[in-house]
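Take a look at the letters that make up each chain.
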Protein chains: 2
Amino acid sequence: MDIFLNPSRQQWAALCRRAEQDNSQIAARVDEIIEMVAREGDAALVALARKIDGVELSALKVSEAEFCEAENKVSEDVKAAIEVAISNITKFHAAQLPHEVSVETQSGVRCIQRPVAIQKVGLYIPGGTAPLFSTVLMLALPAKIAGCREVVLCSPTNKQGKTAAEVLYAAKRCGVTSVYKVGGAQAVAAMAYGTESIPKVNKRFGPGNRYVMLAKQRVSACNTAIDMPAGPSEVMVLADESARAEFVAADLLSQAEHGRDSQAIVVCNSVALAEAVVAEVKRQAAQLSRGEYIYESLEHSRAVVFDEREQMIDFANEYAAEHLIVSMQNEWDVVDKITAAGSIFVGNYSPESAGDYASGTNHTLPTSSWAHSCSGVNIDSFMRKMTIQELSHDGLQGLAETIVTMANAEGLEAHAAAVTVRMKN
Amino acid sequence: MDIFLNPSRQQWAALCRRAEQDNSQIAARVDEIIEMVAREGDAALVALARKIDGVELSALKVSEAEFCEAENKVSEDVKAAIEVAISNITKFHAAQLPHEVSVETQSGVRCIQRPVAIQKVGLYIPGGTAPLFSTVLMLALPAKIAGCREVVLCSPTNKQGKTAAEVLYAAKRCGVTSVYKVGGAQAVAAMAYGTESIPKVNKRFGPGNRYVMLAKQRVSACNTAIDMPAGPSEVMVLADESARAEFVAADLLSQAEHGRDSQAIVVCNSVALAEAVVAEVKRQAAQLSRGEYIYESLEHSRAVVFDEREQMIDFANEYAAEHLIVSMQNEWDVVDKITAAGSIFVGNYSPESAGDYASGTNHTLPTSSWAHSCSGVNIDSFMRKMTIQELSHDGLQGLAETIVTMANAEGLEAHAAAVTVRMKN
């Protein structure tokens, strides 16, 4: 981890740069998979599981027997932890439910904004060595709270054709309608176009590898919504003399273990603190097992030092971190000046992992500086807002001249005629 | 306009199909323009205006003198109409402002959802024969109400290098920060990458031709947000014996005049009504001047008849119209069953043009069945929601076991360590 001292504004862009992903190599393959699934449906999914994952699937849909088996397999400790997380995530997301807005903008003109649930949503949960069942909670719970009618989930299996027990248990517990044994770009395609087994959904959610992400981008160009674009995970810690190097280092490392592309940045108000953090990172890293990811990730991680507190804040707003930890004096004064971050963790006892699992906030957050313009997943992500208007005869009369004048000025005569035809009697 | 009688569910997909746009022809050109602007900045914009529009621009930024000139040019009638529209749009959008949500999910664990304005937004207003100044109101007013710090607007000029007076007047009146004389895909690229004159913004809004739309899609794949994907405009009218054929026809035509690709569909509960509407469309169309668009648009417009009221509603939800007019008995009973539409117009005196201009609702709405998953532009479009969490020492202690158990079950050891390091003292 290099230390940068008072970098000039010209250097900020380079310091804010993320590890770039070049997807040009895999684009053709992803397009091929999408087309194959759109054309051949279930048969393509079975064939791709055989070819890519070496798995022979007898059925795509997870059976009731498999859900029971999963429930028996998950330990009581994990079940108890899941209950705590469910309780907190539910409380926080239920409190976000939007209300209908109704305004009489002028006499006889009623305008309404009505939130409605997206009817069918699809969740993708990656497989791999560690089953990310926490993401099931983060996506399925808000979907149910929002009122989505159908919530389907796709996740790849292991070589024996089994979905991770924790994923199945969490899915059942959170009210997922059905789970399918499909992974990768083909899962995204299946939920975008529908197959004999898997329903076409209105919006797709969830993380995944580069194939999954690219597939999500591709289908989103063809009339099917996605939660958000996503790149590698990242954390920024703002630290001054109130921070503790030991804690800061642990937070940087919990980011670094996510993957080789992850980025961890600490912004300090002194070189001494930056050096202490870097030394702690080295010390703690040696005790961790996921070294293969951690050391590579630390190569594009960095410590940045600013003399001025305001510069630390400006730099954080320019970076727009997915996770921003504020370990500074007058921490709420800092928080109130943050305009771009996915989720903010305040003080010495709010590690990122609290929000990753169980405090109640969502862990599906904008990366790669998308926090300048996008929110993380929240209850809004599973709803739409429709507007509704009702004008009385007199209400339209009161607006008629305005509408006709504007329509004529825009050269849209039939727009004006739709008003005058109603007013002529 | 063809009439379809009680089509089977298998036929619905075909009847819901929109006029498809094939953008493959223009994709290479759009990419070329985007790259040129990203590389050469202002010089590219001046060169493209010369080449594509035949305009010699001395400056890209609209001057104060030009704003004054525009103000003198706009008629008092139009100014008065704009004031009415501004008042209604402001009332409805201000009522939508979200509030901060704060929940103590468990003792010592505080979770907050905080709405913050997107800092810099860019609006695109197409040029052409009729200046769409109403779209300036629909985008700039919510941007200001949301609290966006910088609102830039790009719009092409006429051959004399002048931006439409109504557009400039509306921009000034709605608090737009600066207006630039740039049109087409190059305007989208300029706001995505920034040039010497034009600031890079965080999110881009506004309609446009196929070049503009494709450019928006392209830049949105590279870390710059857009309001929504957009296709040709469309309306669906649900009509029973309470509807008046004369009004329905006028609404269909006000849609048809938008462009050749526009689609207007009426769903009736009787053949007699469908025939009356089709006859009225023919009669009224003959009186309108934009026949070149209207007749072509009517070719892919249609009347669909269902005996069952519930089928009418289901079909409307499958189509997911940008604009849905409900002229039926017990109209609110119908409205309450609609899950997918951009904006709903209720009863005989709520023409689409009311919402297009002045009732208060936004006219930037999801087309091409995107209403299954997307909202129209509203105050949320100009804001993000950040989450914030603060755990006390005891709050983290109360959650520690849960977090550590889940992190270990996911194989993320450093996530667990970030908690235990804080709890060991």
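Everything numeric in this text was worked out from a predicted model, so none of it was measured.

### Side note on unusual backbone geometry
With the exception of glycine, most residues fall at negative phi, and the peptide bonds are largely trans.
Residue and element names in this part refer to chain A.
And step 1. Positive phi, close to 45°, is recorded for Asn330, a residue that is not glycine.
And step 2. Among the structural elements, Asn330 can be located in the loop between strand E12 (323-327) and helix H14 (331-335).
And step 3. Judged by relative accessible area, Asn330 falls into the exposed class, the value being 55%.

### Description of the relation of the copies chain B and chain A
And step 1. Of the transformation superimposing chain B on chain A, the axial component is 0.0 Å and the angular component is 180°, with the fit at an RMSD of 0.0 Å. Here the transformation between the copies is reduced to the relation of a two-fold axis. Residue B:Pro98 of chain B places its C-alpha closer to the rotation axis than any other residue of that unit, at 4.2 Å.
And step 2. Of the residues that chain B buries at the interface, 99% are likewise interface residues in chain A, meaning the two copies contact each other through the same surface.

### A look at the domain arrangement of chain A
And step 1. Along its sequence, chain A is carved into domain 1 (24-98 + 116-226), domain 2 (231-375) and domain 3 (392-424).
And step 2. Once you take the C-alpha centre of each, domain 2 of chain A and domain 3 of chain A turn out to be 56 Å apart.

### So, the interface of chain B and chain A
A common way to state how big an interface is: give the accessible area lost once the parts meet.
And step 1. Facing 119 residues of chain B, the contacting portion of chain A comprises 118 residues.
And step 2. Interface of chain B and chain A: buried area, both sides summed, is about 10,300 Å²; carbon and sulfur atoms make up 57% of it.
And step 3. The largest share of the area that chain B buries against chain A comes from B:Gln389, B:Glu410 and B:Arg422, three residues that together contribute 8% of it.
And step 4. Taken together, chain B and chain A are joined by eight salt bridges.
And step 5. For A:Asp251, the salt bridge is made with B:Arg422, and the minimal N-O distance between the two is 2.6 Å.
And step 6. Linking chain B with chain A are 68 residue pairs in polar contact (both at pLDDT 80 or more).
And step 7. Grouping the amino acids of the side of chain B that touches chain A by side-chain chemistry returns 56 nonpolar, 42 polar and 21 charged.
And step 8. Bridging between strand E14 (residues 383-391) of chain A and strand E13 (residues 343-346) of chain B involves four bridges; their strand directions are parallel.

### Section: the packing of aromatic side chains
And step 1. Summed over the entire model, instances satisfying the criterion amount to ten aromatic pairs over all chains.
And step 2. Taking 4.2 Å as the distance between ring centres and 15° as the angle between the ring planes, the aromatic pair formed by A:Phe205 and A:Phe382 counts as stacked. Of this pair, A:Phe205 sits in strand E7 (residues 203-205) while A:Phe382 sits in the loop between helix H15 (352-357) and E14; the two residues are 177 residues apart in sequence, bridging distant segments of the chain.
And step 3. The class of A:Phe382 is buried, set by a relative accessible area of 0%.
And step 4. Judged by centre distance (5.5 Å) and plane angle (65°), the ring pair of B:Trp12 and B:Phe306 falls under edge-to-face. Note that B:Trp12 is positioned in helix H1 (residues 9-15) and B:Phe306 in the loop between strand E11 (302-305) and helix H13 (309-319), a separation of 294 residues in sequence. We note that B:Trp12, like B:Phe306, is buried.
And step 5. Following the ring pairs from residue to residue traces out a cluster consisting of A:Trp12, A:Phe306 and A:Phe315.
And step 6. One residue, A:Arg18, lies across the ring of A:Tyr319, its end atom 3.6 Å from the ring centre.

### A word on the pattern of salt bridges
And step 1. The full count for this structure, using the stated rule, is 50 salt bridges over all chains.
And step 2. In this structure, the salt-bridge partner of B:Lys162 is B:Glu66, at a minimum N-O distance of 3.6 Å. In this pair, B:Lys162 sits in the loop between strand E5 (150-154) and helix H7 (165-173) while B:Glu66 sits in helix H4 (residues 64-73), placing the two residues 96 residues apart along the sequence.
And step 3. When its relative accessible area of 12% is taken as the criterion, B:Glu66 is described as buried.
And step 4. Salt bridges sharing common partners tie together A:Asp240, A:Arg309, A:Glu310, A:Asp333 and A:Lys337.

### Observations concerning the sheet that holds strand E7 (residues 203-205) of chain B
And step 1. The five strands are arranged E6-E5-E4-E7-E8 (chain B) in an open sheet whose pairing can be described as parallel. Either end of the sheet is taken by a strand with one partner, and the two such strands are strand E6 (178-180) and strand E8 (225-226) of chain B.

### A short note on the pairing of strand E10 (residues 263-268) of chain A
Sheet faces and side chains relate simply in a regular strand, where the side chains alternate between the two faces.
Residue and element names in this part refer to chain A.
And step 1. Where burial is concerned, most of E10 is hidden: six out of the six residues are buried.
And step 2. Alternating positions in E10 separate into two faces, Gln263, Ile265 and Val267 on one and Ala264, Val266 and Cys268 on the other, with burial throughout.
And step 3. Pairing geometry for strand E9 (residues 234-239) and E10, over six bridges, is parallel. Residue pairing across strands places Ala239 opposite Cys268, the latter belonging to E10.
And step 4. With helix H10 (residues 245-256) bridging E9 and its parallel neighbour E10, the resulting β-α-β unit is right-handed.
And step 5. As defined by bridge partners, E10 adjoins strand E11 (residues 302-305) across four bridges and the pair is classed as parallel. Directly across from Ile265, in E11, lies its bridge partner Arg302.

### Quick word on the nonpolar core
And step 1. Counting residues in hydrophobic clusters, the biggest one holds 61 residues, and the most contacted among them are B:Val121, B:Leu137 and B:Leu153.
And step 2. Of all the elements, helix H6 (residues 133-146) of chain B adds the most residues to this core, at nine residues.
And step 3. Once residues lying within four places of it in the same chain are set aside, the contact partners of B:Leu153 are B:Leu123, B:Ile125, B:Val136, B:Val167, B:Ala171, B:Val176, B:Ser178, B:Val179 and B:Tyr180.
And step 4. Core analysis: the second largest hydrophobic core is formed by 60 residues, A:Ile89, A:Leu153, A:Phe382 and B:Ala416 among them.

### With respect to H6(B)
All names here are of chain B.
And step 1. Under the 1.5 Å per step criterion, the end-to-end length of H6 is 20 Å for 14 residues, consistent within 8% with the ideal 20 Å.
And step 2. Burial analysis of H6 places twelve of its 14 residues in the buried class, the great majority of the element.
And step 3. Within the sequence span of H6, burial applies to Phe133, Ser134, Thr135, Val136, Leu137, Met138, Leu139, Ala140, Leu141, Pro142, Ala143 and Ala146.
And step 4. Once H6 ends, the next one or two residues include Gly147, with phi positive near 100°.

### Quick notes on the side chain of A:Arg204
All names here are of chain A.
And step 1. You can see Arg204 is positioned in strand E7.
And step 2. At 2.9 Å, the side chain of Arg204 forms a polar contact with the backbone oxygen of Met191.
And step 3. When residues no more than four places from it in sequence are discounted, the contact partners of Arg204 are Gly122, Val188, Met191, Ala192, Lys216, Val219, Thr224, Ala225, Ile226 and Asp227.

### Thoughts on the sheet that holds E11(B)
And step 1. As summarised here, the arrangement of the nine strands in space is E2(A)-E3(A)-E14(A)-E13(B)-E12(B)-E9(B)-E10(B)-E11(B)-E1(B), forming an open sheet in which the pairing is mixed. Strand pairing shows two members of the sheet lacking a second neighbour, strand E2 (101-106) of chain A together with strand E1 (2-5) of chain B, which therefore form its edges. Averaged over all pairs of adjacent strands, the angle between their axes in this sheet comes to 20°, without regard to strand direction.
And step 2. Here five bridges tie E2(A) to strand E3 (residues 109-117) of chain A, and the two strands are oriented antiparallel to one another. In the sheet register, A:Val101 faces E3(A), and the bridge partner there is A:Gln113.
And step 3. The strands touched by helix H16 (residues 393-409) of chain A within the sheet are E2, E3 and E14 of chain A, with E14(A) carrying the most contacts at an inclination of about 90°.

### A word on the packing of helix H2 (residues 24-40) of chain A against helix H9 (residues 210-220) of chain A
Residues and elements named next belong to chain A.
And step 1. For the pair H2 and H9, interaxial distance at closest approach is 10 Å and the crossing angle is 65°. H9 is crossed by H2, and the crossing has right-handed handedness. Within the contact between the two elements, H2 uses Ile26, Ala27, Arg29, Val30, Asp31 and Ile34 and H9 uses Arg210, Tyr211, Leu214, Ala215, Arg218 and Val219.
And step 2. Partitioning the contact of H2 with H9 into residue classes produces eight nonpolar, no polar and four charged.

So, how was this worked out
- Residues numbered from 1 in each chain as written.
- Chains lettered and ligands numbered in written order.
- Predicted model: local features only at pLDDT ≥ 70, side-chain atom pairs only at ≥ 80, totals over all residues.
- Heavy atoms only, no water.
- Helix = DSSP H or I, 4+ residues; strand = E, 2+ residues; numbered from the N terminus.
- Buried < 20%, exposed > 50% of the residue type's maximum accessible area, 1.4 Å probe, protein only.
- Least-squares fit on C-alpha atoms with pLDDT ≥ 70 in both.
- Contact = heavy atoms within 4.5 Å.
- Domains from an automatic or database assignment.
- Buried area = accessible area lost by both parts, 1.4 Å probe.
- Salt bridge = Lys/Arg side-chain N within 4 Å of Asp/Glu carboxyl O.
- Polar contact = N/O pair within 3.5 Å; in protein donor to acceptor, adjacent residues only side chain to side chain.
- Nonpolar A, V, L, I, M, F, W, Y, C, P; charged D, E, K, R; others polar.
- Pairing = 2+ DSSP bridges.
- Phe/Tyr/Trp six-rings, centres within 6.5 Å; stacked < 30°, edge-to-face > 60°.
- Lys NZ or Arg CZ within 6 Å of the ring centre and 35° of its normal.
- Right-handed = clockwise from strand over helix to strand, strands pointing away.
- Core = buried A, V, L, I, M, F, W, Y, C linked by side-chain atoms within 4.5 Å.
- Expected span 1.5 Å × (residues − 1).
- Axes fitted to C-alpha atoms, helices over the stretch in contact; angles between N-to-C directions.
- Left-handed = near helix turned anticlockwise from the far one by under 90°.

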